[in-house]
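Remarks on the overall topology
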Amino acid sequence: AKPDGPGTYVYFDAAMNRRVARSLLIHNELHRALENGDLQLFYQPQVRISTGEVVGFEALLRWQHATMGWISPAEFIPVAEQSGIIVQIGEWVMHTAARQAAQWLARGHRNFRIAVNISVRQFVGQDLPQLVDTVLKETGLPPHMLELEVTESLALHSVATTLAILHDCKSLGVKLAMDDFGTGYSSLSYLKRYPLDALKIDQAFVRNIPQDQGDMAITRAIVAMAHSFGMSVIAEGVETIAQLEFLRALGCEDVQGYLFSKPVPADQAATAFAGFATY
Ligand code: C2E
Ligand code: CA
Ligand code: CA
Ligand code: CA
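Now for a quick tour of the structure. Bear in mind that the values here come from a model prediction, so they are computed numbers and not experimental data.

**Let's talk about the overall build of the protein**
Looking only at helices and strands, the protein has eleven helices and nine strands in total. Its C-alpha atoms give the protein a radius of gyration of 20 Å, within 12% of the compact-globule value 19 Å for 279 residues. Along the first, second and third principal axes, the C-alpha atoms of the protein reach 60 × 45 × 40 Å. Across the 279 residues in the protein, those meeting the buried criterion constitute 47%.

**Here's the deal with the pattern of salt bridges**
A complete count under the given rule lists twelve salt bridges for this structure. Between R48 and D254 there is a salt bridge whose closest N-O contact spans 2.5 Å. One end of the pair, R48, is in strand β1 (residues 39–48); the other, D254, is in strand β9 (residues 254–256), with 206 residues separating them in the sequence. In this structure, R248 and E245 form a salt bridge, with 3.1 Å as the shortest nitrogen-oxygen distance.

**What to know about the coordination of the calcium ion (ligand 3)**
In an ideal tetrahedron of four donors about a metal, each angle is 109.5 degrees. In an ideal octahedron of six donors, the angles are 90 or 180 degrees. Taken together, D179 (OD), D180 (OD), E236 (OE) and E236 (OE) make up the protein donors of the calcium ion (ligand 3), found 2.2 to 2.5 Å from the metal. Written as a sequence motif, the donor residues of the calcium ion (ligand 3) are D-D-x55-E. For the pair the calcium ion (ligand 3) and the calcium ion (ligand 2), the metal-to-metal distance amounts to 3.8 Å, and D179 bridges them. With D179 in strand β6 (residues 175–181) and E236 in strand β8 (residues 232–236), this pair connects stretches of sequence that are 57 residues apart. Exposure remark for D179: the relative accessible area of 7% places this residue in the buried category.

**Focus on the site of ligand 1**
The full set close to ligand 1 counts 21 residues, and Q44, R62, Q203, E239 and Y258 are the nearest of them. In this structure, D179 approaches ligand 1 through a side-chain N or O atom, which is 3.1 Å from an oxygen atom. The side chain of E239 places a nitrogen or oxygen atom 2.5 Å from a nitrogen atom of ligand 1. Relative to its free-state accessible area of 810 Å², ligand 1 is covered by the protein chains to the extent of 83%. Mapped onto the shell around ligand 1, the elements with two or more residues apiece are β2 (54–65), α2 (73–83), α3 (86–106) and β6.

**Thoughts on the side chain of E29**
Inspection of the secondary structure assignment puts E29 in helix α1 (residues 6–36). You can call E29 buried: its relative accessible area is 13%. Every residue in contact with E29, bar those within four places of it in the chain, is listed here: W63, H65 and M68.

**Some thoughts on the pairing of β8**
The buried fraction of β8 is high, at four of five residues. In this sheet, β8 lies alongside strand β7 (residues 198–201) in parallel orientation, the contact comprising four bridges. Looking at the pairing, L199 lines up with V233 of β8. Taken together, the three bridges between β8 and β9 define a ladder with parallel strand orientation.

**Notes on a nonpolar patch on the surface**
Taken together, M16, V20 and L24 make up a surface patch of nonpolar side chains, about 280 Å² in accessible area. One can find L24 in helix α1.

Rules used in this analysis
- Residues numbered from 1 in each chain as written.
- Chains lettered and ligands numbered in written order.
- Predicted model: local features only at pLDDT ≥ 70, side-chain atom pairs only at ≥ 80, totals over all residues.
- Heavy atoms only, no water.
- Helix = DSSP H or I, 4+ residues; strand = E, 2+ residues; numbered from the N terminus.
- Rg over C-alpha atoms; globule rule 2.2 N^0.38 Å.
- Buried < 20%, exposed > 50% of the residue type's maximum accessible area, 1.4 Å probe, protein only.
- Salt bridge = Lys/Arg side-chain N within 4 Å of Asp/Glu carboxyl O.
- Donors = N, O, S within 2.8 Å, 3.2 Å for Na, K, Ca; no water.
- Near = heavy atom within 4 Å.
- Polar contact = N/O pair within 3.5 Å; in protein donor to acceptor, adjacent residues only side chain to side chain.
- Areas by Shrake-Rupley, 256 points an atom, 1.4 Å probe, with all protein chains shown as cover.
- Contact = heavy atoms within 4.5 Å.
- Pairing = 2+ DSSP bridges.
- Patch = residues over 30% accessible without salt bridge, like charges linked within 9 Å, V, L, I, M, F, W, Y side chains within 5 Å.

All quantities given are derived from atomic positions and should not be read as evidence of function.
This is how it looks when you write it as structure tokens:
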């Protein structure tokens, strides 16, 4: 497109208006979706590199709208965070995911965790430890089977408040993972202060392995750092055997990605309990 000229403004204006209009529509429809039960959870297996066993599942929101079709969480989560409805959605997600995990447990599956994404808004807009406690009691899920994935944007809030909430969650027995590690408002100092069990390497770093030396150096550094703090590492967005082999050589424990499975509905996800070949 032409970088300047009077027409350009009109174009961007119209595009911006369309974006605002769509956000508004999504905002309105999201409330309805939550009430009508139109939100779903898909589950993506997390695989232990050394054995090929499934050690967990990440719960990921899916939304199929009657007329707008599938709307990506990458699009509607930011809208939900803006409006605050992410708090109610987050409650639904935790209840639903924990109920699913409890059902798998009741069917005899063992040694897996269910990972749930926690929005930074859930740290200020609600009593997160209270929610966790309620969900654990309601479902009977053993606490160590629930993992909360938090992001580095937590660092935007008061460290004292954040720490207190994380410690309250930990004392309930759940696991904590730092999601998208290395992409955010990174402050290495919180690594030693936050009671984290695991670091998740963002797919942005995994994507260009084994071509990009810089991304490989970052990945190597993250694994080493996590291990020196006694944390385990899970890499997301693993799509190729070359990526898997690189991560295996670094001692990365677990992986998640299309190489093994996309996020799928619960009944399909359950077939993953049979395990995977790790090549
Ligand atoms: P995320 O937490 O970083 O989730 C990983 C994303 O990577 C997911 O996108 C997943 O489908 C995708 N992915 C997994 N493996 C691969 C792979 O091998 N290759 C590629 N290219 N992509 C892969 P998804 O499901 O579209 O979710 C996008 C984001 O939306 C999530 O990023 C998370 O930030 C947010 N989100 C999803 N569900 C929830 C939720 O229940 N609560 C909150 N607060 N956020 C959620
Ligand atoms: Ca995540
Ligand atoms: Ca992630
Ligand atoms: Ca991500």
